[in-house]
Amino acid sequence: MNLKKLLALALALVMVFALAACGGGDDPAPEDTGSGEEPAAATIKVAALESAYEETYPGMWQEVCDAFTAETGIAVELTVERNLEEVIGASMQGGDYPDVIHLATGREAGLTEQFINDKLIADISDVLTMTVPGEEVTVGDKIIEGFTETSATNPYNDGKTYLAPMFYSPCGLFYNAGLLEEKGWEVPTTWDGMWELGDKALEEGIYLFTYPTAGYFDAFLYALMNVVGGSDFFNAATNFEEGVWETPEADALFEILDKLADYTHPMTPAQANDQDFTMNQQLVLDNEAIFMPNGTWIVGEMAEAPRAEGFKWGMTALPALEEGGMGYSYTFLEQAWIPAGAANQDAAKQFVAFLYSDTAADIFAKGGAVQPIRGMTDQLEGDNKLFYSIYDSGAGAAMGSFAAYRPIPGLDNTSVFFEPINSLVGGALTIDEWKANIISATDQMRANLLA
């Protein structure tokens, strides 16, 4: 070996020992996950939607992040914004991704759906077998059975989990129980009963129905699919089976939507946007409309809003098609996920696992956010106890969403299945036109399925 090579080797050894010495301080280092795929991260970036839960308990996400850092030594750079898609969108286009994103499907911007359809979400199946940081139980053992076997978490139907089930909320028709008690009106159990109530209410200047935005029709439509045809029709429709929208079950669904439009408060479409949606919710609080589709977060979201004397929250499932049939409540499920391009995936998985810790769950619960963790509903009180008991009261549980497909220019779930309700209520679209548009769009979606 020549002198130049000997000097180079000596210098390299000196640098190794120097670096080792620098790492011998007292500061705790993040635990290595042992995957061998990446070095342990000192800091991860987490982006979360600022929702009604955060408004109910300000600093909720920061407190969870601080608790995670205290447990693991991994620092968290947190972003919490109501317009999260806009805030993180530009940097992600440049390749700078948060390590963990808490953002559900069904949002108007459709960012999560875009990542799903482009297959840009990391497989987190191994998180289910990870031990929750600070505990001695695995994530999979803590999550209620069924919540990781749905298209909301496994969008490609390939037996793998890509989105972690986070806050869940029974969705249904929310109303002023005090109004119905005052009028002596019963909560309808069938759609025929709904129309009868609608006629009675209109005689007193009260509309049967409103909705915050068209986006809220995701939970409504999924539940209605189950009402008209059970899980068989729901699975066929959400997987775009050929001919499914030309069946008797589909005819019943379109008939209900068409009739419901006639009973909907006429101001609803104009206010059905991200700026004015609370005005539609206010229609219920002011006894101008009876029912609206919503989730349990509505209580916190409208906590400071004025309301009619004697107001008290009520919630019911979508009525059955006929007497003796099953009514359904959709379980809205928020999701946390890791972008495939995230730089610190091992540490990100530790963070996702920590979200199911008792510590994190208790913090989230202060904001009214309930996770699908065993035993959580036993801790609920007041309105939430009423809402989450809907399945104990005979309602069927609907869960899942449309199957993922390759991007189709000009077509997406929101524009095809949900937004047209505004045009239907406003009179710019007929139910037959909506049906034809759905059939045409689902032919293309079926041809582009990712599964």
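As the structure is a prediction and not an experimental result, all values here were calculated from the model.

S.K.: Hey, could you run me through the pattern of salt bridges in this one?
M.R.: Two side chains of opposite charge can pair, provided their charged atoms sit close to one another. In total, this model carries eleven salt bridges according to the counting rule given. Ionic pairing is found between Lys435 and Asp251, a salt bridge with its closest N-O pair at 3.2 Å. Here Lys435 is found in helix H19 (residues 431-447), whereas its partner Asp251 is found in helix H10 (residues 248-262), with 184 residues between them in sequence. Salt-bridge contacts for Asp443 lead to Arg446; the nearest nitrogen and oxygen are separated by 2.6 Å. Highlighted residues: Asp443 and Arg446, both in helix H19, separated by three residues, approximately one helical turn. Classification of Asp443 as partly exposed rests on a relative accessible area of 38%. Taking the relative accessible area as the measure of exposure, Arg446 reaches 23% and is therefore partly exposed.

S.K.: What am I meant to see in the packing of aromatic side chains here?
M.R.: The geometry of an aromatic ring pair is captured by the separation of the ring centres together with the interplanar angle, meaning the angle of the planes. Throughout the structure, instances matching the rule amount to 36 aromatic pairs. Aromatic side chains Tyr156 and Tyr162 sit 4.9 Å apart centroid to centroid with 85 degrees between the ring planes, which places their arrangement in the edge-to-face category. When its relative accessible area of 6% is taken as the criterion, Tyr156 is described as buried. Their ring planes at 40 degrees and their centres at 6.1 Å tell us that Trp245 and Phe417 sit as a pair that is tilted. Taken together, the residues span a long stretch of sequence, with Trp245 in the loop between helix H9 (217-238) and H10 and Phe417 in helix H17 (residues 413-418) at a distance of 172 residues. When sorted by exposure, Trp245 lands in the same class as Phe417, which is buried. A network of ring pairs unites the aromatic residues Tyr222, Phe233, Phe234, Phe240, Trp245, Phe254, Tyr330, Phe402, Tyr405, Phe417 and Phe418 as a single cluster. The aromatic ring of Tyr156 is capped on one face by Lys119, whose charged end is 5.1 Å from the ring centroid.

S.K.: I tried to follow helix H12 (residues 277-285) on my own but got confused; where do I start?
M.R.: Residues three or four positions apart in an α-helix share a direction because the helix packs 3.6 residues into each turn. Among the nine residues in H12, seven count as buried, and that is most of the element. Among the residues making up H12, those that are buried are Phe277, Asn280, Gln281, Gln282, Leu283, Val284 and Leu285. Among the structural elements, strand E4 (163-176), helix H11 (268-271), strand E6 (289-294), helix H13 (298-301) and strand E7 (313-316) are those in contact with the buried residues of H12. Downstream of H12 by one or two residues, Asn287 has phi in the positive range, about 60 degrees.

S.K.: Help me understand empty space enclosed by the protein, please; the structure alone is not making it clear to me.
M.R.: Per the stated rule, a full pass over the model turns up five cavities of 30 Å³ or more. Counting residues per element, the ones that place at least two in the lining of the largest cavity are helix H5 (111-117), H9, strand E8 (328-337) and H17.

S.K.: How should I be thinking about the packing of H9 against H10 in this particular structure?
M.R.: Packed helix pairs are characterised by how far apart their axes lie and by the angle those axes make with each other. Remark: H9 packs on H10, axes separated minimally by 9 Å, with the N-to-C direction vectors making an angle of 145 degrees. Between H9 and H10 lies a crossing whose hand is right-handed. Across the interface between the two elements, Phe217, Phe220, Leu221, Leu224, Met225, Val228, Gly229 and Phe233 from H9 touch Glu249, Ala250, Ala252, Leu253, Ile256, Leu257 and Leu260 from H10. Taken together, the residues that form the contact of H9 with H10 break down as 13 nonpolar, one polar and one charged.

S.K.: What should I look at first to understand the confidence of the model for the chain in this one?
M.R.: For any part of a model where pLDDT is low, the fine detail of the predicted coordinates should not be relied upon. For the chain, per-residue confidence averages 89 on the pLDDT scale, and residues scoring 70 or more make up 91% of the total. Low pLDDT (under 50) marks residues 1-36, which in the prediction has 15 contacts with non-local residues, meaning those over four places away or in another chain.

S.K.: What is the right way to look at the packing of helix H3 (residues 60-72) against helix H14 (residues 345-354) in this model?
M.R.: For the pair H3 and H14, the least separation of the axes is 11 Å and the interaxial angle reads 115 degrees. Note on packing geometry: the crossing formed by H3 with H14 is right-handed. Every residue of H14 that contacts H3 at Trp61, Val64, Cys65, Ala67, Phe68, Glu71 and Thr72 is listed here: Ala347, Gln350, Phe351 and Phe354. Residues of the contact of H3 with H14, tallied by class, amount to eight nonpolar, two polar and one charged.

S.K.: What is the right way to read the side chain of Glu113 from this model?
M.R.: Mapped onto the fold, Glu113 is located in helix H5. The charged side chain of Glu113 is buried without a salt bridge, its nearest counter-charge being Arg107 at 8.2 Å. Beyond its immediate stretch of four places on either side in the chain, Glu113 contacts Thr105, Gly106 and Arg107.

S.K.: Just checking my understanding: could you explain the side chain of Asp218 for this structure?
M.R.: Structurally, Asp218 is set in helix H9. Notably, Asp218 is buried but unbridged: the nearest opposite-charge side chain belongs to Arg107, and the N-O separation is 9.9 Å. The residues touching Asp218, leaving out its near neighbours within four places in the chain, are Gly106, Phe332 and Phe418.

S.K.: Help me understand unusual backbone geometry in this model?
M.R.: In most cases, non-glycine residues show a negative phi, while peptide bonds are predominantly trans. For Lys119, which is not glycine, the phi dihedral falls at a positive 55 degrees. Along the chain, Lys119 turns up in the loop between H5 and helix H6 (139-142). Of note in this structure, Asn287 is not a glycine but carries a positive phi near 60 degrees. Here Asn287 shows up in the loop between H12 and E6. The exposure class assigned to Asn287 is buried, which follows from its relative accessible area of 17%.

S.K.: Can you help me understand the layout of surface pockets in this one?
M.R.: Space left empty within the atom packing is revealed by a probe, the size of a water molecule, rolled over the atoms. Space inside the largest pocket adds up to approximately 870 Å³. What lines the largest pocket is a set of 35 residues, and nearest its centre among them are Gly106, Arg107, Glu108, Tyr216 and Asp274. At the level of elements, helix H2 (52-56), helix H4 (84-93), H9 and E8 are the ones that each hand at least two residues to the lining of the largest pocket. Residue composition of the lining of the largest pocket, by class: 13 nonpolar, eleven polar and eleven charged.

Conventions we followed
- Residues numbered from 1 in each chain as written.
- Predicted model: local features only at pLDDT ≥ 70, side-chain atom pairs only at ≥ 80, totals over all residues.
- Heavy atoms only, no water.
- Salt bridge = Lys/Arg side-chain N within 4 Å of Asp/Glu carboxyl O.
- Helix = DSSP H or I, 4+ residues; strand = E, 2+ residues; numbered from the N terminus.
- Buried < 20%, exposed > 50% of the residue type's maximum accessible area, 1.4 Å probe, protein only.
- Phe/Tyr/Trp six-rings, centres within 6.5 Å; stacked < 30°, edge-to-face > 60°.
- Lys NZ or Arg CZ within 6 Å of the ring centre and 35° of its normal.
- Contact = heavy atoms within 4.5 Å.
- 1 Å grid on protein atoms, 1.4 Å probe; cavity = no way out; pocket = protein on both sides within 12 Å on 5 of 7 lines; lining within 4 Å.
- Points joined across faces, edges and corners; volume = space filled by probe spheres on them.
- Axes fitted to C-alpha atoms, helices over the stretch in contact; angles between N-to-C directions.
- Left-handed = near helix turned anticlockwise from the far one by under 90°.
- Nonpolar A, V, L, I, M, F, W, Y, C, P; charged D, E, K, R; others polar.
- pLDDT = per-residue confidence, 0-100.
- Lys, Arg positive; Asp, Glu negative; His and termini not counted.

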